[in-house]
Amino acid sequence: MSETAKPKSNSTITDWLAQPQAARLELFAGTFVQKALPDFRHAAAQFGLATILRPRFHRRGGGDHPGGWWIVGEVDIQLGDDGFRPDLAGWRRDRAPEPPQGRPITLRPDWVCETLSRSNASNETILKMWRYHNAGVPHYWIVDPDTQTLAVYRNSAEGYVNVMVVQAHEHVRAEPFDAIEFNVGLLFGADLDDVT
């Protein structure tokens, strides 16, 4: 971490935005948290999910495509006093008719997906989960390359409710993208030619 990015307990969104983007920092409760550098498995899972969802949902919709979403990866998002850079995030077009703008984006996403890395698993499964819930993010997915699972959560008054955990060999319809079915193995190295 660079000298300018040393953690301090009273950092603000302005401090966060002043850091080099290459530092890959997020801001939780006034403290900078280093986002893990993706290894091959992390990057493959993140890209795999994006290639499944974007062609079908990142569009107006119609015909064989449900559409209705803006889906992007690794953009800076401000939720309250916290700053995030989720692996993937999505906004429903009926709530955001135009693509969210600015850095950071201040419009709350309707869906966030994080891919676990060994060095930051507790950030995604505890710290971010709690903060995303409090910010009202309706849907939270966690992709785990180690266990080759996809965990799907729905926001409720009590906290995130685990809707399902599915393994690489399974086909799934996962909310909020349950208009399509996909093979979870595509996130973990399965070849399109081998998936039925």
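These lines cover the structure that appears in this document, whether it is placed above or below. (Residues numbered from 1 in each chain as written. Predicted model: local features only at pLDDT ≥ 70, side-chain atom pairs only at ≥ 80, totals over all residues. Heavy atoms only, no water.)

Here the focus is the overall build of the chain. Tallying secondary structure elements over the chain gives three helices and 12 strands in all. What you see for the chain is a C-alpha radius of gyration of 17 Å, in line with the 16 Å of a compact globule of 196 residues. Expressed along its principal axes, the backbone C-alpha trace of the chain runs to roughly 50 × 35 × 35 Å. When the 196 residues of the chain are sorted by exposure, 48% land in the buried category. Expressed as a percentage of contacts within the chain between residues at least 6 apart in sequence, the contacts between residues at least 24 apart total 48%. For the chain, the accessible area works out to roughly 9,700 Å², and carbon and sulfur atoms hold 51% of it. The distance from the centre of the 20 positive side-chain charges to the centre of the 25 negative ones in the chain is 4 Å. (Helix = DSSP H or I, 4+ residues; strand = E, 2+ residues; numbered from the N terminus. Rg over C-alpha atoms; globule rule 2.2 N^0.38 Å. Buried < 20%, exposed > 50% of the residue type's maximum accessible area, 1.4 Å probe, protein only. Contact = heavy atoms within 4.5 Å. Areas by Shrake-Rupley, 256 points an atom, 1.4 Å probe, with all protein chains shown as cover. Lys, Arg positive; Asp, Glu negative; His and termini not counted. Charge placed at Lys NZ, Arg CZ, Asp CG, Glu CD.)

Time to look at the packing of aromatic side chains. Counted under the stated rule, the structure contains 11 aromatic pairs. Ring centres of F28 and F84 lie 5.2 Å apart, and the angle between their planes is 40 degrees; on these two criteria the pair is classed as tilted. Taken together, the positions of F28 in strand β1 (residues 25-28) and F84 in strand β5 (residues 82-84) put the pair 56 residues apart, joining distant regions of the chain. The residues F28 and F84 share a single accessibility class, namely buried. Grouping aromatic residues by their ring pairs yields a cluster made of F28, F84, Y132, Y140, Y153 and Y160. Between the NZ or CZ atom of R93 and the centre of the ring of W70, over which it lies, the distance is 3.5 Å. (Phe/Tyr/Trp six-rings, centres within 6.5 Å; stacked < 30°, edge-to-face > 60°. Lys NZ or Arg CZ within 6 Å of the ring centre and 35° of its normal.)

Once that is clear, we can look at the side chain of E26. Topologically, E26 is positioned in strand β1. At 2.6 Å, the side chain of E26 forms a polar contact with the backbone nitrogen of R85. A distance of 2.8 Å separates the side chain of E26 from the side chain of K128, its partner in a polar contact. With residues up to four places along the chain from it excluded, the contact list for E26 reads W16, T31, F32, V33, K35, G83, F84, R85, P86 and K128. (Polar contact = N/O pair within 3.5 Å; in protein donor to acceptor, adjacent residues only side chain to side chain.)

The final tally for this structure, using the stated rule, is 13 salt bridges. With a shortest N-O distance of 2.6 Å, R103 and D76 are connected by a salt bridge. With a gap of 27 residues between them, R103 in the loop between β6 (88-92) and β7 (111-115) and D76 in the loop between β3 (69-72) and β4 (77-79) connect regions that are remote in the sequence. Overall, the relative accessible area of 36% leaves R103 in the partly exposed class. (Salt bridge = Lys/Arg side-chain N within 4 Å of Asp/Glu carboxyl O.)

What follows is about empty space enclosed by the protein. Applying the stated criterion to the full structure yields one cavity of 30 Å³ or more. A volume near 40 Å³ is recorded for the largest cavity. What lines the largest cavity is W16, Q19, P20, Q21, R24, L25, R85 and R103. Among the residues making up the lining of the largest cavity, the classes are represented as three nonpolar, two polar and three charged. (1 Å grid on protein atoms, 1.4 Å probe; cavity = no way out; pocket = protein on both sides within 12 Å on 5 of 7 lines; lining within 4 Å. Points joined across faces, edges and corners; volume = space filled by probe spheres on them. Nonpolar A, V, L, I, M, F, W, Y, C, P; charged D, E, K, R; others polar.)

Inspection of the secondary structure puts F40 in helix α2 (residues 40-57). F40 gets classed as exposed once you look at its relative accessible area, which sits at 71%. When the C-alpha atoms of F40 and P145 are compared, they prove to be 10.0 Å apart, with 105 residues separating the residues in sequence.

In a regular helix each residue adds 1.5 Å, so 15 residues correspond to 21 Å; helix α3 (residues 121-135) covers 20 Å between its end C-alpha atoms and thus fits that length. Along α3, the helix axis deviates most sharply at K128, where the bend reaches about 40 degrees. Turning to α3, its buried residues number three or more, namely N123, E124, K128, M129, R131, Y132 and H133. Following α3 by one or two positions, G136 adopts a phi angle in the positive range, close to 85 degrees. (Expected span 1.5 Å × (residues − 1). Bend = angle between axes of the 7 residues up to and from the residue.)

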